[in-house]
Amino acid sequence: MADSTSTPHPVRTRFAPSPTGYLHIGGARTALFNWLYARHTRGQFILRVEDTDEARNTQDAVEIILEGLRWLGLDWDEGPATCHSDGESLGNRGPYFQSQRKTIYQEYVEKLMTKNHAYERDGAIRFRMTRDPVTIPDLVVGDVERRLTDREEQDPDFVIVRADGKPVFHLVNVVDDLTMGITHVIRGEDHLSNTAKHLALFRALEAEAPRYAHIPLILNEDGTKMGKRDQGASIGTYIDSHYLPEALVNYLCLLGWSPKDDSQVLNLSEVVQRFDLPQILRANAKFDMEKLQWLNGEYLGKLDPNRYRDLARTTFEEAGFDLASFQDSYLSEAFATTQGKTRIPTDLIDYAGFYFREDESITYNPEGAEKHLVPENLAKTEELRKRFDALHEFDADAIQTTFKETAASLGVKVRALVHPIRIACTGTTAGPSLYHLMAILGKATVLRRVDRVIQTIKAQS
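In this text, all values refer to a predicted model and were calculated from it rather than measured experimentally.

*Asks:* Tell me what's going on with the sheet that holds strand 10 (residues 158–161), and back it up with residues and numbers.
*Replies:* Ordered by their spatial adjacency, 3 strands build an open sheet running 6-7-10, and the pairing between neighbours is antiparallel. The open sheet has two free edges, formed respectively by strand 6 (118–121) and strand 10, since each of these has just one partner strand. Strand-to-strand, the axes of this sheet are offset by a mean angle of 45°, without reference to chain direction. Relative to strand 10, strand 7 (residues 124–127) runs antiparallel, the two being bridged by 3 bridges. Bridged to Ile125 within strand 10 is Val161. Docked against the sheet, helix 3 (residues 102–114) engages strand 6, strand 7 and strand 10, running at close to 95° with respect to strand 6.

This is the structure in C-alpha coordinates:
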(Lines give C-alpha, C1' and ligand atoms only; values in the text may rest on other atoms or scores of the structure.)
Protein backbone atom coordinates (compact mmCIF):
# COMPACT_ATOMS: atom_id res chain seq x y z
CA MET A 1 0.00 0.00 0.00
CA ALA A 2 1.22 3.47 -0.84
CA ASP A 3 2.67 5.70 1.84
CA SER A 4 -0.04 8.26 2.61
CA THR A 5 2.46 10.85 3.82
CA SER A 6 4.71 10.92 0.73
CA THR A 7 3.34 14.04 -0.90
CA PRO A 8 5.40 17.05 -2.05
CA HIS A 9 2.64 19.50 -1.12
CA PRO A 10 1.11 20.47 2.23
CA VAL A 11 -1.93 18.29 2.81
CA ARG A 12 -5.26 19.81 1.85
CA THR A 13 -8.40 17.72 2.36
CA ARG A 14 -12.01 18.62 1.77
CA PHE A 15 -15.56 17.66 2.65
CA ALA A 16 -18.10 18.35 -0.10
CA PRO A 17 -21.66 17.65 1.04
CA SER A 18 -24.75 18.11 -1.10
CA PRO A 19 -27.46 20.08 0.77
CA THR A 20 -30.43 17.90 -0.12
CA GLY A 21 -31.39 16.78 3.39
CA TYR A 22 -29.82 16.25 6.78
CA LEU A 23 -26.20 15.43 7.64
CA HIS A 24 -25.92 11.65 7.38
CA ILE A 25 -23.78 9.70 9.85
CA GLY A 26 -21.69 8.49 6.90
CA GLY A 27 -21.11 12.04 5.72
CA ALA A 28 -20.15 13.09 9.23
CA ARG A 29 -17.63 10.23 9.42
CA THR A 30 -16.20 11.27 6.03
CA ALA A 31 -15.86 14.87 7.22
CA LEU A 32 -14.22 13.67 10.43
CA PHE A 33 -11.64 11.51 8.65
CA ASN A 34 -10.74 14.39 6.32
CA TRP A 35 -10.48 16.76 9.30
CA LEU A 36 -8.38 14.28 11.29
CA TYR A 37 -5.93 13.71 8.46
CA ALA A 38 -5.56 17.45 7.87
CA ARG A 39 -4.93 18.08 11.56
CA HIS A 40 -2.58 15.06 11.86
CA THR A 41 -0.42 16.35 9.01
CA ARG A 42 -0.76 20.03 10.00
CA GLY A 43 -2.54 20.58 6.72
CA GLN A 44 -5.79 22.31 5.87
CA PHE A 45 -9.40 21.14 5.83
CA ILE A 46 -11.69 22.74 3.24
CA LEU A 47 -15.49 22.77 3.27
CA ARG A 48 -17.37 23.26 0.04
CA VAL A 49 -21.06 22.80 -0.60
CA GLU A 50 -22.07 21.01 -3.81
CA ASP A 51 -25.24 23.00 -4.44
CA THR A 52 -25.44 22.97 -8.24
CA ASP A 53 -28.67 20.94 -8.15
CA GLU A 54 -31.00 23.90 -7.56
CA ALA A 55 -34.14 21.75 -7.67
CA ARG A 56 -33.05 19.63 -4.68
CA ASN A 57 -30.84 21.95 -2.65
CA THR A 58 -32.21 24.14 0.12
CA GLN A 59 -30.74 26.77 2.40
CA ASP A 60 -32.25 24.96 5.39
CA ALA A 61 -30.26 21.86 4.45
CA VAL A 62 -27.09 23.95 4.24
CA GLU A 63 -27.68 25.28 7.75
CA ILE A 64 -28.31 21.76 9.06
CA ILE A 65 -25.00 20.58 7.64
CA LEU A 66 -23.10 23.55 9.07
CA GLU A 67 -24.78 23.12 12.45
CA GLY A 68 -23.85 19.45 12.51
CA LEU A 69 -20.21 20.09 11.67
CA ARG A 70 -19.93 22.85 14.26
CA TRP A 71 -21.60 20.62 16.88
CA LEU A 72 -19.05 17.89 16.15
CA GLY A 73 -16.24 20.45 16.48
CA LEU A 74 -15.04 20.11 12.88
CA ASP A 75 -13.81 23.59 11.98
CA TRP A 76 -12.72 24.39 8.43
CA ASP A 77 -9.75 26.49 7.47
CA GLU A 78 -10.73 28.78 4.64
CA GLY A 79 -13.55 30.08 2.52
CA PRO A 80 -15.13 33.32 1.35
CA ALA A 81 -16.19 35.85 3.96
CA THR A 82 -19.80 35.63 5.09
CA CYS A 83 -21.78 38.81 4.41
CA HIS A 84 -25.02 40.45 5.44
CA SER A 85 -27.62 40.94 2.74
CA ASP A 86 -26.38 44.52 2.39
CA GLY A 87 -22.90 43.27 1.55
CA GLU A 88 -21.23 44.08 4.88
CA SER A 89 -18.76 41.35 5.85
CA LEU A 90 -19.49 39.37 8.99
CA GLY A 91 -15.79 38.69 9.35
CA ASN A 92 -16.08 34.90 9.56
CA ARG A 93 -15.42 32.34 6.86
CA GLY A 94 -18.20 30.47 5.20
CA PRO A 95 -17.77 27.38 3.08
CA TYR A 96 -17.26 27.49 -0.66
CA PHE A 97 -20.45 27.13 -2.69
CA GLN A 98 -20.33 25.61 -6.15
CA SER A 99 -23.27 27.78 -7.19
CA GLN A 100 -20.93 30.78 -6.86
CA ARG A 101 -18.20 29.27 -9.07
CA LYS A 102 -19.99 28.92 -12.42
CA THR A 103 -17.54 31.10 -14.35
CA ILE A 104 -14.66 28.91 -13.18
CA TYR A 105 -16.39 25.77 -14.46
CA GLN A 106 -17.13 27.43 -17.80
CA GLU A 107 -13.47 28.32 -18.19
CA TYR A 108 -12.44 24.68 -17.77
CA VAL A 109 -15.17 23.42 -20.09
CA GLU A 110 -13.78 25.73 -22.78
CA LYS A 111 -10.27 24.33 -22.16
CA LEU A 112 -11.53 20.79 -22.63
CA MET A 113 -13.38 21.69 -25.82
CA THR A 114 -10.43 23.61 -27.24
CA LYS A 115 -8.22 20.56 -26.79
CA ASN A 116 -10.89 18.29 -28.28
CA HIS A 117 -11.43 16.45 -24.98
CA ALA A 118 -15.08 17.48 -24.95
CA TYR A 119 -17.76 18.07 -27.57
CA GLU A 120 -21.41 19.09 -27.85
CA ARG A 121 -24.20 16.64 -28.61
CA ASP A 122 -27.94 17.31 -28.33
CA GLY A 123 -27.24 20.55 -26.47
CA ALA A 124 -25.17 18.85 -23.77
CA ILE A 125 -21.38 18.81 -23.51
CA ARG A 126 -19.78 15.39 -23.24
CA PHE A 127 -16.27 14.36 -22.23
CA ARG A 128 -14.29 11.99 -24.42
CA MET A 129 -13.61 9.15 -22.00
CA THR A 130 -10.54 7.01 -22.52
CA ARG A 131 -11.26 3.53 -23.85
CA ASP A 132 -8.25 2.04 -22.06
CA PRO A 133 -8.43 0.57 -18.55
CA VAL A 134 -7.79 3.10 -15.77
CA THR A 135 -5.74 2.13 -12.73
CA ILE A 136 -6.87 3.87 -9.56
CA PRO A 137 -4.09 4.02 -6.93
CA ASP A 138 -5.99 4.05 -3.65
CA LEU A 139 -4.48 4.54 -0.21
CA VAL A 140 -7.05 2.28 1.45
CA VAL A 141 -8.33 -0.12 -1.18
CA GLY A 142 -5.04 -0.54 -3.04
CA ASP A 143 -4.67 -0.38 -6.82
CA VAL A 144 -8.01 -0.87 -8.58
CA GLU A 145 -8.25 -1.39 -12.33
CA ARG A 146 -11.40 0.05 -13.87
CA ARG A 147 -12.40 -1.27 -17.28
CA LEU A 148 -15.35 -0.13 -19.36
CA THR A 149 -18.51 -2.15 -18.87
CA ASP A 150 -20.18 -3.80 -21.84
CA ARG A 151 -22.71 -0.98 -21.88
CA GLU A 152 -20.00 1.70 -21.72
CA GLU A 153 -18.09 0.05 -24.59
CA GLN A 154 -20.81 1.29 -26.93
CA ASP A 155 -20.63 4.91 -25.70
CA PRO A 156 -18.17 5.57 -22.84
CA ASP A 157 -18.35 9.37 -23.14
CA PHE A 158 -20.23 11.09 -20.33
CA VAL A 159 -22.02 14.39 -19.86
CA ILE A 160 -20.16 17.18 -18.04
CA VAL A 161 -22.63 20.01 -18.80
CA ARG A 162 -26.34 19.35 -19.22
CA ALA A 163 -28.41 20.77 -22.06
CA ASP A 164 -29.75 23.42 -19.64
CA GLY A 165 -26.19 24.67 -19.13
CA LYS A 166 -25.69 23.27 -15.62
CA PRO A 167 -22.39 21.49 -14.96
CA VAL A 168 -22.61 18.00 -13.48
CA PHE A 169 -20.94 16.41 -10.48
CA HIS A 170 -17.96 14.87 -12.28
CA LEU A 171 -16.81 18.17 -13.78
CA VAL A 172 -17.32 20.44 -10.78
CA ASN A 173 -15.79 17.90 -8.43
CA VAL A 174 -12.59 17.71 -10.45
CA VAL A 175 -12.35 21.44 -11.18
CA ASP A 176 -12.86 22.29 -7.51
CA ASP A 177 -10.25 19.78 -6.35
CA LEU A 178 -7.85 21.15 -8.96
CA THR A 179 -8.35 24.86 -8.28
CA MET A 180 -8.44 24.42 -4.50
CA GLY A 181 -5.21 22.43 -4.50
CA ILE A 182 -6.74 19.39 -2.82
CA THR A 183 -4.02 16.79 -2.24
CA HIS A 184 -6.10 13.99 -0.70
CA VAL A 185 -9.68 12.98 -1.42
CA ILE A 186 -11.02 10.85 1.43
CA ARG A 187 -14.55 9.70 0.65
CA GLY A 188 -16.90 6.74 0.83
CA GLU A 189 -16.17 3.59 -1.11
CA ASP A 190 -19.40 4.07 -3.05
CA HIS A 191 -17.58 6.87 -4.93
CA LEU A 192 -14.88 4.50 -6.19
CA SER A 193 -16.87 3.89 -9.38
CA ASN A 194 -16.61 7.62 -10.21
CA THR A 195 -12.88 7.87 -9.74
CA ALA A 196 -11.81 6.55 -13.17
CA LYS A 197 -13.78 9.38 -14.78
CA HIS A 198 -12.20 11.91 -12.44
CA LEU A 199 -8.69 10.68 -13.16
CA ALA A 200 -9.39 10.91 -16.89
CA LEU A 201 -10.55 14.51 -16.47
CA PHE A 202 -7.40 15.43 -14.52
CA ARG A 203 -5.29 13.84 -17.23
CA ALA A 204 -7.14 15.76 -19.95
CA LEU A 205 -6.55 18.99 -18.02
CA GLU A 206 -2.85 18.07 -17.73
CA ALA A 207 -3.10 18.36 -13.97
CA GLU A 208 -1.90 16.16 -11.13
CA ALA A 209 -4.76 14.31 -9.50
CA PRO A 210 -5.12 14.19 -5.72
CA ARG A 211 -4.43 10.95 -3.88
CA TYR A 212 -7.60 8.98 -3.26
CA ALA A 213 -8.57 7.09 -0.12
CA HIS A 214 -11.95 5.37 -0.32
CA ILE A 215 -13.15 4.49 3.15
CA PRO A 216 -15.49 1.59 4.02
CA LEU A 217 -19.22 2.07 4.09
CA ILE A 218 -21.27 2.19 7.29
CA LEU A 219 -23.74 -0.67 7.52
CA ASN A 220 -26.72 -1.36 9.74
CA GLU A 221 -26.32 -4.14 12.27
CA ASP A 222 -28.05 -6.54 9.84
CA GLY A 223 -25.36 -5.87 7.22
CA THR A 224 -27.44 -3.64 4.93
CA LYS A 225 -26.16 -0.22 3.86
CA MET A 226 -27.29 2.49 6.25
CA GLY A 227 -29.83 4.60 4.41
CA LYS A 228 -31.27 8.00 5.19
CA ARG A 229 -34.31 6.59 6.98
CA ASP A 230 -32.48 4.01 9.10
CA GLN A 231 -32.17 4.34 12.85
CA GLY A 232 -29.23 6.51 13.85
CA ALA A 233 -28.58 7.81 10.34
CA SER A 234 -29.12 11.52 11.06
CA ILE A 235 -26.70 13.62 13.10
CA GLY A 236 -29.71 15.75 14.08
CA THR A 237 -31.05 12.79 16.09
CA TYR A 238 -28.03 12.94 18.39
CA ILE A 239 -28.14 16.71 18.70
CA ASP A 240 -31.83 16.64 19.62
CA SER A 241 -31.32 13.78 22.09
CA HIS A 242 -28.41 15.61 23.75
CA TYR A 243 -25.73 13.05 23.08
CA LEU A 244 -22.30 14.46 23.83
CA PRO A 245 -20.55 15.44 20.58
CA GLU A 246 -17.20 14.24 21.91
CA ALA A 247 -18.71 10.79 22.47
CA LEU A 248 -20.13 10.61 18.95
CA VAL A 249 -16.83 11.80 17.47
CA ASN A 250 -15.00 9.13 19.49
CA TYR A 251 -17.38 6.49 18.15
CA LEU A 252 -17.14 7.67 14.55
CA CYS A 253 -13.35 7.44 14.78
CA LEU A 254 -13.70 3.74 15.55
CA LEU A 255 -16.04 3.14 12.60
CA GLY A 256 -13.52 2.04 10.02
CA TRP A 257 -10.28 3.15 11.71
CA SER A 258 -8.19 1.24 14.20
CA PRO A 259 -5.79 2.80 16.72
CA LYS A 260 -3.80 -0.50 16.61
CA ASP A 261 -4.62 -1.41 20.20
CA ASP A 262 -7.74 -2.01 22.26
CA SER A 263 -8.29 1.65 23.09
CA GLN A 264 -11.95 2.64 22.99
CA VAL A 265 -12.29 5.92 24.88
CA LEU A 266 -10.04 8.34 22.99
CA ASN A 267 -10.03 12.12 23.27
CA LEU A 268 -9.83 14.01 20.01
CA SER A 269 -6.32 15.37 20.51
CA GLU A 270 -5.06 11.82 21.01
CA VAL A 271 -6.81 10.64 17.84
CA VAL A 272 -5.28 13.52 15.86
CA GLN A 273 -1.82 12.37 16.93
CA ARG A 274 -2.48 8.72 16.05
CA PHE A 275 -4.67 8.98 12.95
CA ASP A 276 -3.26 7.99 9.57
CA LEU A 277 -4.73 6.63 6.36
CA PRO A 278 -2.99 3.21 6.40
CA GLN A 279 -4.84 2.45 9.64
CA ILE A 280 -8.25 2.71 7.94
CA LEU A 281 -9.78 -0.74 7.80
CA ARG A 282 -10.73 -2.34 4.52
CA ALA A 283 -13.92 -4.02 5.74
CA ASN A 284 -17.23 -2.17 5.97
CA ALA A 285 -18.13 -0.94 9.46
CA LYS A 286 -21.30 -1.98 11.26
CA PHE A 287 -23.06 0.70 13.25
CA ASP A 288 -23.51 -0.48 16.85
CA MET A 289 -25.94 1.73 18.78
CA GLU A 290 -25.23 -0.18 21.98
CA LYS A 291 -21.53 0.67 21.78
CA LEU A 292 -22.24 4.31 20.98
CA GLN A 293 -24.51 4.61 24.00
CA TRP A 294 -21.93 2.91 26.18
CA LEU A 295 -19.33 5.44 25.03
CA ASN A 296 -21.74 8.29 25.64
CA GLY A 297 -22.26 7.02 29.18
CA GLU A 298 -18.50 6.97 29.73
CA TYR A 299 -18.28 10.61 28.69
CA LEU A 300 -21.33 11.61 30.74
CA GLY A 301 -19.72 10.15 33.85
CA LYS A 302 -16.61 12.30 33.38
CA LEU A 303 -18.38 15.47 32.28
CA ASP A 304 -17.77 18.74 34.09
CA PRO A 305 -20.45 18.88 36.85
CA ASN A 306 -21.71 22.29 35.77
CA ARG A 307 -22.08 21.20 32.16
CA TYR A 308 -23.74 17.97 33.30
CA ARG A 309 -26.20 19.90 35.46
CA ASP A 310 -27.15 22.17 32.56
CA LEU A 311 -27.57 19.16 30.27
CA ALA A 312 -29.74 17.33 32.79
CA ARG A 313 -31.90 20.39 33.40
CA THR A 314 -32.46 20.92 29.68
CA THR A 315 -33.38 17.24 29.27
CA PHE A 316 -36.03 17.40 32.00
CA GLU A 317 -37.46 20.70 30.82
CA GLU A 318 -37.77 19.45 27.26
CA ALA A 319 -39.61 16.41 28.64
CA GLY A 320 -42.22 18.73 30.16
CA PHE A 321 -40.96 19.06 33.74
CA ASP A 322 -41.33 22.47 35.36
CA LEU A 323 -38.14 22.95 37.37
CA ALA A 324 -38.65 26.63 38.12
CA SER A 325 -40.08 25.89 41.56
CA PHE A 326 -37.00 23.94 42.68
CA GLN A 327 -34.01 25.67 44.23
CA ASP A 328 -30.70 25.48 42.39
CA SER A 329 -29.14 23.65 45.33
CA TYR A 330 -31.84 20.98 45.13
CA LEU A 331 -31.33 20.55 41.41
CA SER A 332 -27.55 20.32 41.78
CA GLU A 333 -27.77 17.72 44.54
CA ALA A 334 -30.37 15.67 42.66
CA PHE A 335 -28.46 15.68 39.39
CA ALA A 336 -25.20 14.83 41.17
CA THR A 337 -26.69 11.48 42.27
CA THR A 338 -27.35 10.56 38.63
CA GLN A 339 -24.02 11.38 36.99
CA GLY A 340 -22.34 8.27 35.67
CA LYS A 341 -25.49 6.19 36.07
CA THR A 342 -27.08 6.56 32.62
CA ARG A 343 -25.87 6.20 29.04
CA ILE A 344 -27.92 8.90 27.36
CA PRO A 345 -29.56 11.99 28.85
CA THR A 346 -33.13 10.93 28.04
CA ASP A 347 -32.65 7.91 30.33
CA LEU A 348 -32.65 10.41 33.19
CA ILE A 349 -36.41 10.84 32.94
CA ASP A 350 -37.12 7.29 34.14
CA TYR A 351 -34.05 7.12 36.36
CA ALA A 352 -34.56 10.33 38.33
CA GLY A 353 -37.98 11.76 37.44
CA PHE A 354 -39.16 11.04 40.99
CA TYR A 355 -37.18 14.07 42.21
CA PHE A 356 -39.53 16.42 40.36
CA ARG A 357 -42.90 14.66 40.46
CA GLU A 358 -45.78 15.18 42.85
CA ASP A 359 -46.26 12.35 45.35
CA GLU A 360 -49.50 11.24 43.70
CA SER A 361 -47.88 10.95 40.29
CA ILE A 362 -45.30 8.42 41.47
CA THR A 363 -46.33 5.14 39.85
CA TYR A 364 -45.02 1.87 41.24
CA ASN A 365 -43.13 -0.62 39.13
CA PRO A 366 -45.61 -3.54 38.84
CA GLU A 367 -43.08 -6.33 39.42
CA GLY A 368 -41.46 -4.48 42.31
CA ALA A 369 -44.78 -3.66 43.93
CA GLU A 370 -45.98 -7.26 43.63
CA LYS A 371 -42.80 -8.54 45.28
CA HIS A 372 -42.19 -5.93 47.98
CA LEU A 373 -45.43 -4.09 48.78
CA VAL A 374 -46.84 -7.10 50.59
CA PRO A 375 -48.49 -7.55 54.01
CA GLU A 376 -45.39 -9.14 55.58
CA ASN A 377 -43.51 -5.88 54.99
CA LEU A 378 -46.15 -3.66 56.60
CA ALA A 379 -44.84 -3.74 60.19
CA LYS A 380 -41.25 -3.19 59.07
CA THR A 381 -42.20 -0.21 56.92
CA GLU A 382 -44.31 1.32 59.72
CA GLU A 383 -41.40 0.95 62.16
CA LEU A 384 -39.04 2.65 59.74
CA ARG A 385 -41.54 5.43 59.18
CA LYS A 386 -41.75 6.07 62.93
CA ARG A 387 -37.97 6.22 63.26
CA PHE A 388 -37.61 8.52 60.25
CA ASP A 389 -40.14 10.88 61.81
CA ALA A 390 -38.07 11.02 65.00
CA LEU A 391 -34.86 12.07 63.24
CA HIS A 392 -33.70 15.63 63.93
CA GLU A 393 -31.03 15.53 61.19
CA PHE A 394 -32.37 13.96 58.01
CA ASP A 395 -29.09 13.45 56.16
CA ALA A 396 -27.64 10.40 54.40
CA ASP A 397 -25.59 9.26 57.41
CA ALA A 398 -28.51 9.50 59.82
CA ILE A 399 -30.79 7.70 57.35
CA GLN A 400 -28.26 4.89 56.89
CA THR A 401 -27.86 4.51 60.65
CA THR A 402 -31.64 4.32 61.04
CA PHE A 403 -31.86 1.50 58.51
CA LYS A 404 -29.12 -0.47 60.28
CA GLU A 405 -30.55 0.05 63.78
CA THR A 406 -34.08 -0.83 62.66
CA ALA A 407 -32.86 -3.96 60.89
CA ALA A 408 -30.95 -5.03 64.01
CA SER A 409 -33.98 -4.48 66.26
CA LEU A 410 -36.22 -6.49 63.92
CA GLY A 411 -33.68 -9.25 63.42
CA VAL A 412 -33.52 -8.85 59.63
CA LYS A 413 -30.93 -7.74 57.10
CA VAL A 414 -30.94 -4.13 55.90
CA ARG A 415 -31.86 -5.20 52.36
CA ALA A 416 -35.16 -6.54 53.68
CA LEU A 417 -36.10 -2.94 54.56
CA VAL A 418 -34.70 -1.14 51.54
CA HIS A 419 -37.02 -2.15 48.71
CA PRO A 420 -40.39 -0.95 50.09
CA ILE A 421 -38.84 2.41 50.96
CA ARG A 422 -37.15 2.75 47.56
CA ILE A 423 -40.43 1.99 45.80
CA ALA A 424 -42.17 4.50 48.04
CA CYS A 425 -39.69 7.26 47.20
CA THR A 426 -39.01 6.54 43.53
CA GLY A 427 -41.60 4.06 42.26
CA THR A 428 -38.84 1.67 41.14
CA THR A 429 -36.46 -0.92 42.60
CA ALA A 430 -33.30 0.67 41.19
CA GLY A 431 -31.87 4.15 41.01
CA PRO A 432 -29.54 6.55 42.80
CA SER A 433 -28.14 5.83 46.26
CA LEU A 434 -31.21 5.42 48.48
CA TYR A 435 -29.82 7.21 51.53
CA HIS A 436 -28.71 10.20 49.48
CA LEU A 437 -31.89 10.51 47.42
CA MET A 438 -33.98 10.39 50.59
CA ALA A 439 -31.91 13.18 52.11
CA ILE A 440 -32.36 15.27 48.98
CA LEU A 441 -36.12 14.67 48.83
CA GLY A 442 -36.34 15.79 52.45
CA LYS A 443 -38.05 14.39 55.48
CA ALA A 444 -41.54 15.69 54.76
CA THR A 445 -41.63 14.29 51.22
CA VAL A 446 -40.23 10.92 52.30
CA LEU A 447 -42.79 10.58 55.09
CA ARG A 448 -45.67 11.39 52.72
CA ARG A 449 -44.47 8.86 50.17
CA VAL A 450 -43.92 6.16 52.81
CA ASP A 451 -47.42 6.82 54.16
CA ARG A 452 -48.76 6.26 50.64
CA VAL A 453 -46.98 2.90 50.38
CA ILE A 454 -48.24 1.88 53.82
CA GLN A 455 -51.81 2.55 52.65
CA THR A 456 -51.15 0.57 49.49
CA ILE A 457 -49.96 -2.44 51.56
CA LYS A 458 -52.91 -2.15 53.93
CA ALA A 459 -55.32 -2.16 51.02
CA GLN A 460 -54.07 -5.67 50.20
CA SER A 461 -54.54 -7.02 53.75
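The structure having been displayed, the exposition proceeds.
*Asks:* Which residues make up the environment of Gln231, and what are the values?
*Replies:* Take Gln231: it is sitting in the loop between strand 13 (218–219) and helix 7 (235–240). Judged by relative accessible area, Gln231 falls into the exposed class, the value being 64%. Gln231 sits 148 residues away from Ala379 along the chain, and the two C-alpha atoms are 50 Å apart. Ignoring anything within four residues of it in the chain, the contact list for Gln231 reads Met226 and Met289.

*Asks:* A description of unusual backbone geometry should follow, citing residues and the corresponding values.
*Replies:* Residues other than glycine seldom take positive phi values, yet Asn116 does so here, at roughly 65°. Turning to its location among the elements, Asn116 is positioned in the loop between helix 3 and strand 6. One non-glycine residue with positive phi stands out, namely Asp122, at about 55°. Note that Asp122 resides in the loop between strand 6 and strand 7. For Asp122, a relative accessible area of 72% corresponds to the exposed category.

*Asks:* Which residues make up the pairing of strand 11 (residues 184–188), and what are the values?
*Replies:* Counting buried positions over the 5 residues of strand 11 gives 5, a clear majority of the element. Relative to strand 12 (residues 211–215), strand 11 runs parallel, the two sharing 5 bridges. Residue pairing in the sheet places Ile186 in a bridge with Ala213 of strand 12. Assessed by its sense of winding, the connection that carries the chain from strand 11 through helix 6 (residues 192–204) to strand 12 is right-handed.

*Asks:* Report on the layout of surface pockets, specifying residues and quantitative values.
*Replies:* Put simply, the largest pocket is a space of about 1,100 Å³. Every residue lining the largest pocket is counted, 41 residues in all, and those nearest its centre are Ala16, Pro17, Ser18, Asp190 and His191. Listing elements by their share of the lining of the largest pocket, those giving two or more residues are strand 1 (12–15), helix 1 (25–40), helix 5 (169–179) and strand 11. Per element, the largest residue contribution to the lining of the largest pocket is 5 residues, and it comes from helix 1. Classifying every residue of the lining of the largest pocket by side-chain character gives 16 nonpolar, 15 polar and 10 charged.

Definitions and cut-offs
Residues numbered from 1 in each chain as written. Predicted model: local features only at pLDDT ≥ 70, side-chain atom pairs only at ≥ 80, totals over all residues. Heavy atoms only, no water. Pairing = 2+ DSSP bridges. Helix = DSSP H or I, 4+ residues; strand = E, 2+ residues; numbered from the N terminus. Axes fitted to C-alpha atoms, helices over the stretch in contact; angles between N-to-C directions. Contact = heavy atoms within 4.5 Å. Buried < 20%, exposed > 50% of the residue type's maximum accessible area, 1.4 Å probe, protein only. Right-handed = clockwise from strand over helix to strand, strands pointing away. 1 Å grid on protein atoms, 1.4 Å probe; cavity = no way out; pocket = protein on both sides within 12 Å on 5 of 7 lines; lining within 4 Å. Points joined across faces, edges and corners; volume = space filled by probe spheres on them. Nonpolar A, V, L, I, M, F, W, Y, C, P; charged D, E, K, R; others polar.

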